2 protein chains.
Amino acid sequence: MSDSKEEIMDATFKALCKHGYADLSIQKIADESDKGKSLIYYHFDDKGDLMLSFLDFLMEKADFEYENDSPEARIDGILDKALGIESEEQWEFQKAFQELRVQAQHNEKFQEKFQEADRIFLENVSEIMSEAGAENSEVAAEIFLSMIEGSISRKVASGDREGLKELKEDMKDTISAFLDDQCCSFSDSG
Amino acid sequence: MSDSKEEIMDATFKALCKHGYADLSIQKIADESDKGKSLIYYHFDDKGDLMLSFLDFLMEKADFEYENDSPEARIDGILDKALGIESEEQWEFQKAFQELRVQAQHNEKFQEKFQEADRIFLENVSEIMSEAGAENSEVAAEIFLSMIEGSISRKVASGDREGLKELKEDMKDTISAFLDDQCCSFSDSG
């Protein structure tokens, strides 16, 4: 990504946090940057085109690396990254993600991107769950992803960042218990 | 609620489903009703005021009755209602709810309503989990609610209504397993 595109993405992030998707405009994005509206229109056709690139930008930042660790360590790593709430910036990032997710209802291109991200995540987590000995690893992955997504969505809606931090530990315990119930190898492999 | 207010709520629901929150206007709501804009402005100050009443309207529809059944039957009942996806209308209702939830980031009154709904739900479910013998019933309720909310949010974003129906059964199994892990009384009491 070029420097000016990167700068536009940063400005979009700031404007989205400040105004929300419904009130976002190219003008408000330009207001968050040194560059003007004309530079934004040089790179993007309209707000829709810009937001699609911004979704890619967010998804790239959220991308996981599935290291070659034990299943337990990898699940821990995913939770830490997905619920990454140590910094104010990461919390704002979660909020922006929620804004874009809901647009998928009305925007086919957004929907395709969320479908694809979901598919990749499920595939990877399903593999980890299978290695951990889960009976039905696909179901385990679906439930795991729902739990993460729902925790973020609820706590963002209620503005409860501290609550999300607490939930992180509870979720780790729950997933261990779930896998313990399905198999015996998980708690031994950690 | 008066007949004309009820009619405005129905029109708001239709307009929200069709256009999404970001593109919603009083004019578009009036277009979905026999009554004109002036009647809407007679009842509501502006779009914000109307949407707050609409959130109440949706939440009332989503309200649970916690019957005096066994814990397992009550949890089943909650899942059936929360994931009620048998009709097209209920699916549209889920989508509308997601739209409003994300507005809570930018609207304190919305946020308060979601906090309150969350609190009541957690209190009730925590009581059920406790009766079912869960060690930490508050954590169980948090996880349960996250799982429901995340499943809806993910499947709405990917437009996968059939997937949500499938997930419903998987969630029932998961919660049984979770409670089995915490206690022995749940599977016996069902």
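Residues numbered from 1 in each chain as written. Chains lettered and ligands numbered in written order. Predicted model: local features only at pLDDT ≥ 70, side-chain atom pairs only at ≥ 80, totals over all residues.

Asks: I'd like a rundown of the interface of chain A and chain B, residues and numbers included.
Replies: A common measure of how large an interface is: the accessible area buried when the components associate. Each partner contributes to the interface: chain A provides 39 residues, whereas chain B provides 39 residues. Put simply, the parts of the chain that give the side of chain A that touches chain B at least two residues each are helix 6 (88-103), helix 7 (108-131), helix 8 (137-157) and helix 9 (161-182) of chain A. Here the side of chain A that touches chain B gets 14 residues from one element, more than from any other, and that element is helix 8 of chain A. Looking at the side of chain A that touches chain B residue by residue, the class counts come to 16 nonpolar, 13 polar and 10 charged. (Contact = placed C-beta atoms within 7 Å. Helix = DSSP H or I, 4+ residues; strand = E, 2+ residues; numbered from the N terminus. Nonpolar A, V, L, I, M, F, W, Y, C, P; charged D, E, K, R; others polar.)

Asks: Describe in detail the confidence of the model for chain A, supporting the description with residues and values.
Replies: Residue and element names in this part refer to chain A. On average, chain A scores 86 in pLDDT, and the residues at 70 or more come to 92%. By mean pLDDT, the top-scoring element of chain A is helix 2 (residues 26-31) (95), and the lowest-scoring one is helix 10 (residues 185-189) (41). Here the predicted complex carries an ipTM of 0.87, next to a pTM of 0.87. (pLDDT = per-residue confidence, 0-100.)

Asks: Outline the domain arrangement of chain A, supporting the account with residue identities and numerical values.
Replies: Residue and element names in this part refer to chain A. Examined at the domain level, chain A breaks down into domain 1 (3-54) and domain 2 (62-189). Relative to domain 2, the C-alpha centre of domain 1 lies at a distance of 29 Å. In this assembly, 6 residues from domain 1 lie in contact with 6 residues from domain 2. With 3 residues, helix 1 (residues 3-19) is the single largest residue contributor to the side of domain 1 that touches domain 2. For the side of domain 1 that touches domain 2, the per-class residue count stands at 5 nonpolar, 1 polar and no charged. (Domains from an automatic or database assignment.)

Asks: Kindly report on the relation of the copies chain A and chain B, identifying the contributing residues and their values.
Replies: Between chain A and chain B, which share one sequence, the superposing operator has a rotation angle of 180° and an axial displacement of 0.0 Å; the RMSD is 0.0 Å. Interpreted geometrically, this transformation is the action of a two-fold axis. In terms of proximity to the rotation axis, the leading residue of chain A is Gly-150 of chain A, whose C-alpha is 1.7 Å off the axis. When the interface residues of chain A are mapped onto chain B, 100% of them again fall at the interface, so both copies present the same face. (Least-squares fit on C-alpha atoms with pLDDT ≥ 70 in both.)

Asks: So what's going on with the nonpolar core? Which residues, and what values?
Replies: In this structure, Val-125 and Phe-144 of chain A together with Val-125 and Phe-144 of chain B are the most contacted members of the largest nonpolar core, which totals 87 residues. Beyond its immediate stretch of four places on either side in the chain, Phe-144 of chain A contacts Val-125 and Ile-175 of chain A. (Core = buried A, V, L, I, M, F, W, Y, C linked by C-beta atoms within 7 Å. Buried ≥ 20, exposed ≤ 12 C-beta atoms within 10 Å, placed from the backbone.)

Asks: Could you give an account of the packing of helix 1 of chain A against helix 6 of chain A, with specific residues and numbers?
Replies: Residue and element names in this part refer to chain A. As a packed pair, helix 1 and helix 6 sit with axes 10 Å apart at the nearest point and diverge in direction by 80°. Classed by the angle they form, the pair helix 1 and helix 6 counts as roughly perpendicular. Here helix 1 contributes Phe-13, Leu-16 and Cys-17 to the contact with helix 6, which in turn contributes Glu-92, Lys-95, Ala-96 and Glu-99. Tallied by class, residues from the contact of helix 1 with helix 6 come to 4 nonpolar, no polar and 3 charged. (Axes fitted to C-alpha atoms, helices over the stretch in contact; angles between N-to-C directions. Parallel < 35°, antiparallel > 145°, perpendicular 65-115°, else oblique.)

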